[in-house]
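Below, each chain spelled out in residue letters.
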Amino acid sequence: RAKAEGRSGFRFFEPPMDRAAREALQVEGDLRLALARGEFELHWQPQCHLRTGRMTGAEALLRWQHPERGLLNPGSFLATAEETGLMAPITRWVLDAACRQGAEWSRRAGGPIRVGVNLSPSLFRGGGVLELVEQSLAGAGLAPDLLEIELTERDRFEDEAAVLKTLGELRTLGVRLAIDDFGIGYSSLLYARRLPVHRLKIDQSFIALFPGDRSDAAIVGSVISLGHELGMEVVAEGVENPAQLEALRTLGCDEVQGFFIGRPVPADRLDPGAAEARACRLPA
Ligand code: C2E
Ligand code: MG
Ligand code: MG
Ligand code: MG
């Protein structure tokens with residue numbers, strides 16, 4: 001504590017950039033230890049099929065239980081992980097943990113429960129994604145079609161040919177592919193056409209004012225039609241109220257995810273067998 005106060009005494013004389021840089025350095029040091037110390041955990045957000053009301057799976061969302069700063073969301077550390085080359089080892093941990101969870105849930109529920117994992121575009125640059133995924137699936141004994149990989153197209157893929165090749169191989173392996181944050185990325189329509197994906201996840205920014213906002217309603221309706229025309233399922237993210245849910249149902253959206261259906265929670269608070277009805281509390 002004395003040390004912290006001493007530091008804040010200096011802060012006054014320090015340009016703000018230096019402080020930011022030092023904080024980033026601190027995060028980097030802590031991040032390197034986090035894996036070894038077992039400070040990462042996965043929180044899970046349910047995905048529900050709109051017509052049946054069934055929970056079909058859940059998305060793994062990374063959390064860092066930081067010894068001093070408490071539970072951190074990916075927004076506060078993933079950029080640093082990216083810059084410091086820690087994304088690959090972190091992803092290995094995420095994939096292993098997610099595949100094990102999917103296998104356990106599917107066993108307990110007596111039916112398939114799919115797990116979604118977010119993969120950073122940077123991973124495709126170095127190669128080795130296929131092997132990473134194969135190893136996690138084999139280690140957990142999870143059927144490949146119970147793993148869904150979410151690709152965000154917020155950033156442009158640098159070497160598009162290499163990415164397409166890897167995605168094709170993942171698809172051949174039997175893994176499911178989804179474009180995350182669909183609509184806000186570098187080139188949504190191009191990716192929808194080129195990437196061999198099974199699902200589109202409509203970005204939550206289009207759902208926030210939906211269905212009241214006419215532009216958003218038009219976009220959401222069009223994306224659902226587009227996805228279906230391309231033979232894909234469409235998932236809406238960020239569903240927070242029953243009006244959004246009902247409008248999505250009317251438009252024929254396949255699945256929903258969001259605070260209204262369930263917030264991200266630790267695995268032990270999401271029992272796909274027993275808690276199905278609660279997780280997918282769809283109005284009659
Ligand atoms: P995402 O994959 O689009 O995940 C959805 C984010 O929206 C999550 O934030 C989730 O908590 C939040 N969310 C879910 N439902 C609602 C809702 O109804 N309303 C609102 N306002 N927000 C909602 P989170 O957990 O902070 O994750 C942020 C992003 O970090 C994720 O966006 C994903 O791109 C990335 N991320 C998370 N876990 C991983 C990981 O293991 N690896 C990589 N590479 N990226 C990850
Ligand atoms: Mg995602
Ligand atoms: Mg998203
Ligand atoms: Mg996102």
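Computed from a prediction, not measured in an experiment: that's the story for all the values here.

K.L.:
Help me get a handle on helix H4 (residues 87-109), residues and values and all.
P.N.:
With 23 residues, H4 extends 32 Å from end C-alpha to end C-alpha; this agrees with the ideal 33 Å at 1.5 Å per step. Downstream of H4 by a residue or two, Gly 110 has a phi angle that is positive, lying close to 65°.

K.L.:
Any details on the packing of H4 against helix H6 (residues 129-140)? Residues and values, ideally.
P.N.:
Here H4 crosses H6 at 35°, and the two axes come no closer than 8 Å. As for the relative orientation of H4 and H6, their crossing is right-handed in sense. From H4, Thr 91, Arg 92, Leu 95, Asp 96, Cys 99, Arg 100 and Ala 103 reach across to H6, where they touch Leu 132, Val 133, Gln 135, Ser 136, Leu 137 and Ala 140. Residues of the contact of H4 with H6, tallied by class, amount to 7 nonpolar, 3 polar and 3 charged.

K.L.:
Before we move on, can you summarise the site of ligand 1 with the specific residues and values?
P.N.:
For ligand 1, the set of nearby residues contains 24 residues, the closest of which are Arg 63, Asn 118, Asp 180, Glu 240 and Phe 259. With respect to ligand 1, the side chain of Glu 59 contributes an N or O atom lying 2.9 Å from an oxygen atom. Considering ligand 1 on its own, with 810 Å² of exposed area, one finds that the protein chains cover 82% of that surface. Contributing elements (two or more residues each) for the shell around ligand 1: strand S2 (55-66), H4 and strand S6 (176-182). Per-element tally for the shell around ligand 1: the top contributor is S2, with 4 residues. Class assignment for the residues of the shell around ligand 1 results in 9 nonpolar, 7 polar and 8 charged.

K.L.:
An account of the coordination of the magnesium ion (ligand 4) is needed here, citing residue identities and associated values.
P.N.:
Summarising the metal site, the magnesium ion (ligand 4) is bound by the protein donors Asp 181 (OD) and Asp 181 (OD), whose distances to it range over 2.5 to 2.8 Å. The metal-metal distance between the magnesium ion (ligand 4) and the magnesium ion (ligand 2) comes to 5.2 Å. Structurally, Asp 181 can be placed in strand S6.

K.L.:
With reference to specific residues and values, describe the nonpolar core.
P.N.:
Counting residues in each nonpolar core, the largest one holds 76 residues, and the members touching the most others are Trp 44, Leu 147 and Leu 248. In terms of residues, this core owes the most to one element, H4, which gives 9 residues. The contact partners of Leu 248, leaving out residues within four places of it in the chain, are Leu 50, Ile 207, Phe 210, Val 220, Ile 224, Ala 236, Val 239, Cys 253 and Val 256.

K.L.:
Give me the coordination of the magnesium ion (ligand 3): which residues, what numbers.
P.N.:
Distances from the magnesium ion (ligand 3) to its protein donors, Asp 180 (OD), Asp 181 (OD), Glu 237 (OE) and Glu 237 (OE), fall at 2.0 to 2.6 Å. Each donor residue of the magnesium ion (ligand 3) belongs to the same chain, and together they define the spacing D-D-x55-E. Between the magnesium ion (ligand 3) and the magnesium ion (ligand 2), both coordinated by Asp 180, there is a metal-metal distance of 4.3 Å. Of this pair, Asp 181 sits in strand S6 while Glu 237 is found in the loop between strand S8 (233-236) and helix H11 (242-250), placing the two residues 56 residues apart along the sequence. Taking the relative accessible area as the measure of exposure, Asp 181 reaches 9% and is therefore buried. On the basis of relative accessible area, Glu 237 is assigned to the buried category, the value being 9%.

K.L.:
Provide a residue-level description of the packing of aromatic side chains, including the pertinent values.
P.N.:
Per the counting criterion, the structure on display carries 5 aromatic pairs. Centre to centre, the rings of Phe 40 and Phe 77 are 6.0 Å apart; their planes meet at 40°, and the pair counts as tilted. A residue pair is termed long-range when its members are at least 10 positions apart, and Phe 40 in strand S1 (residues 40-49) and Phe 77 in the loop between strand S3 (70-72) and helix H3 (78-83) qualify at 37 residues. With a centroid separation of 6.2 Å and 40° between ring planes, the pair formed by Phe 40 and Trp 93 is classed as tilted. Placement of the pair is Phe 40 in strand S1 and Trp 93 in helix H4, with a sequence separation of 53 residues. One aromatic cluster is present, formed by Phe 40, Trp 64, Phe 77 and Trp 93 through successive ring pairs. Sitting over the face of the ring of Phe 259, Arg 263 holds its NZ or CZ atom 4.0 Å from the ring centroid.

Thresholds, definitions, all that
Residues numbered from 1 in each chain as written. Chains lettered and ligands numbered in written order. Predicted model: local features only at pLDDT ≥ 70, side-chain atom pairs only at ≥ 80, totals over all residues. Heavy atoms only, no water. Helix = DSSP H or I, 4+ residues; strand = E, 2+ residues; numbered from the N terminus. Expected span 1.5 Å × (residues − 1). Axes fitted to C-alpha atoms, helices over the stretch in contact; angles between N-to-C directions. Left-handed = near helix turned anticlockwise from the far one by under 90°. Contact = heavy atoms within 4.5 Å. Nonpolar A, V, L, I, M, F, W, Y, C, P; charged D, E, K, R; others polar. Near = heavy atom within 4 Å. Polar contact = N/O pair within 3.5 Å; in protein donor to acceptor, adjacent residues only side chain to side chain. Areas by Shrake-Rupley, 256 points an atom, 1.4 Å probe, with all protein chains shown as cover. Donors = N, O, S within 2.8 Å, 3.2 Å for Na, K, Ca; no water. Core = buried A, V, L, I, M, F, W, Y, C linked by side-chain atoms within 4.5 Å. Buried < 20%, exposed > 50% of the residue type's maximum accessible area, 1.4 Å probe, protein only. Phe/Tyr/Trp six-rings, centres within 6.5 Å; stacked < 30°, edge-to-face > 60°. Lys NZ or Arg CZ within 6 Å of the ring centre and 35° of its normal.

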